[in-house]
Amino acid sequence: MVGELNPPAKSCGACGLCRKLMGVTALDKPAGRWRRHFSRAGGCAVYETRPDDCGVFNCLWLLTDALGPERKPTAAGFVLHSEQGAARLIVESDPARPHDWRREPYQSTLRRWAAAPGMEVLVFAGRRGVRPGAVDADVRRG
Ligand code: SF4
């Protein structure tokens, strides 16, 4: 019966948004620009010889079963990751879609997480960002 099948594990597929939004020092690749060696159709052309600090990045959508397909970075327009032992949630917005986090259901969810005790949410589009709260605060990446 179809209902007994396990759903397929999540995969990046043709997403690749973290390859655009995260900087890679060893490749002299700034945040917010596509890697020269990456294409969504073909993936990383230098995967076998990639530098160590390319690392293996897994966004929170990929790691969290509870985040459904509507929150996949290609759909949402941002990549989620965490810092400080998950006490700080970083929302890396695609600079081409800097306000997508304000769409629903994203904004309500992010504001609810930001209001949780001991939790901080920072939404960035490049170096500029906002800390959602009762009154949103402007922040800049150091
Ligand atoms: S942003 Fe997430 S889903 Fe997209 S390529 Fe990176 S790890 Fe995979």
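The structure under discussion appears in the preceding block.
Bear in mind that the values here come from a model prediction, so they are computed numbers and not experimental data. (Residues numbered from 1 in each chain as written. Predicted model: local features only at pLDDT ≥ 70, side-chain atom pairs only at ≥ 80, totals over all residues.)

Undergrad: What should I look at first to understand the overall build of the protein in this one?
TA: Helices and strands together make up the secondary structure of the protein, namely 4 helices and 7 strands. Each helix and strand of the protein, placed in order from N terminus to C terminus, yields the pattern α-β-β-α-α-β-β-α-β-β-β. Scored against the burial criterion, the 142 residues of the protein give a buried share of 17%. Partitioning the intrachain contacts of the protein with sequence separation of at least 6 by distance along the chain shows that 35% fall at a separation of at least 24. (Helix = DSSP H or I, 4+ residues; strand = E, 2+ residues; numbered from the N terminus. Buried ≥ 20, exposed ≤ 12 C-beta atoms within 10 Å, placed from the backbone. Contact = placed C-beta atoms within 7 Å.)

Undergrad: Is there a simple way to think about the site of the ligand in this case?
TA: Taken together, C12, C15, G16, L17, C18, F57, N58, C59, W61, L62, P73 and V79 form the complete shell of residues around the ligand. Secondary structure elements with two or more residues in the shell around the ligand: helix 1 (17–21) and helix 2 (60–63). Of the residues contributing to the shell around the ligand, the split by class is 10 nonpolar, 2 polar and no charged. (Near = placed C-beta within 6 Å. Nonpolar A, V, L, I, M, F, W, Y, C, P; charged D, E, K, R; others polar.)

Undergrad: Would you explain the environment of S93 in this entry?
TA: Among the structural elements, S93 can be located in strand 4 (residues 88–93). C-alpha of S93 to C-alpha of V123: the two residues are 30 residues apart in sequence and 7.0 Å apart in space.

Undergrad: Would you take a moment to explain the environment of V121 for this structure?
TA: For V121, the position within the fold is in strand 5 (residues 120–125). Looking at V121, the number of C-beta atoms within 10 Å reads 22, which means it is buried. Among all residues touching V121, those that are not within four sequence positions of it are L89, V91, L110, W113, A114, R131 and P132.

Undergrad: Mind showing me how you'd approach the nonpolar core here?
TA: Side chains that are nonpolar tend, in soluble globular proteins, to be buried together. Residues F78, V79, L80, V91 and V123 are the most contacted members of the largest nonpolar core, which totals 15 residues. Elements with a contribution of two residues or more to this core: helix 1, strand 3 (78–83), strand 4 and strand 5. With 4 residues, strand 5 is the single largest residue contributor to this core. Once you skip the residues sitting within four places of it in the chain, L80 turns out to touch C59, L60, W61, L89 and V91. (Core = buried A, V, L, I, M, F, W, Y, C linked by C-beta atoms within 7 Å.)

Undergrad: Is there a simple way to think about the environment of F124 in this case?
TA: Relative to the helices and strands, F124 is located in strand 5. The class for F124 is buried, based on 22 C-beta atoms found within 10 Å. Distance from F124 to V91, taken between C-alpha atoms, is 6.0 Å for residues 33 residues apart in sequence. Sequence-distant contacts of F124, defined by excluding residues within four places in its chain, comprise I90, V91, E92, S93, G129 and R141.

Undergrad: Looking at this structure, how should I read the pairing of strand 4?
TA: Remember that side chains alternate between the two faces of the sheet whenever the strand is regular. The pairing of strand 3 with strand 4 spans 6 bridges and is antiparallel. When the bridges of strand 4 are listed, E83 appears paired with R88. Here strand 3 folds back onto strand 4, and the loop between the two strands holds 4 residues, one of which, Q84, carries a positive phi near 55°. Bridge count for strand 4 against strand 5 is 5 bridges, and the pairing is parallel. Looking across to strand 5, one finds that I90 is bridged to L122. After leaving strand 4, the chain enters helix 4 (residues 106–115) and then returns to the sheet as strand 5, a path that is right-handed. (Pairing = 2+ DSSP bridges. Right-handed = clockwise from strand over helix to strand, strands pointing away.)

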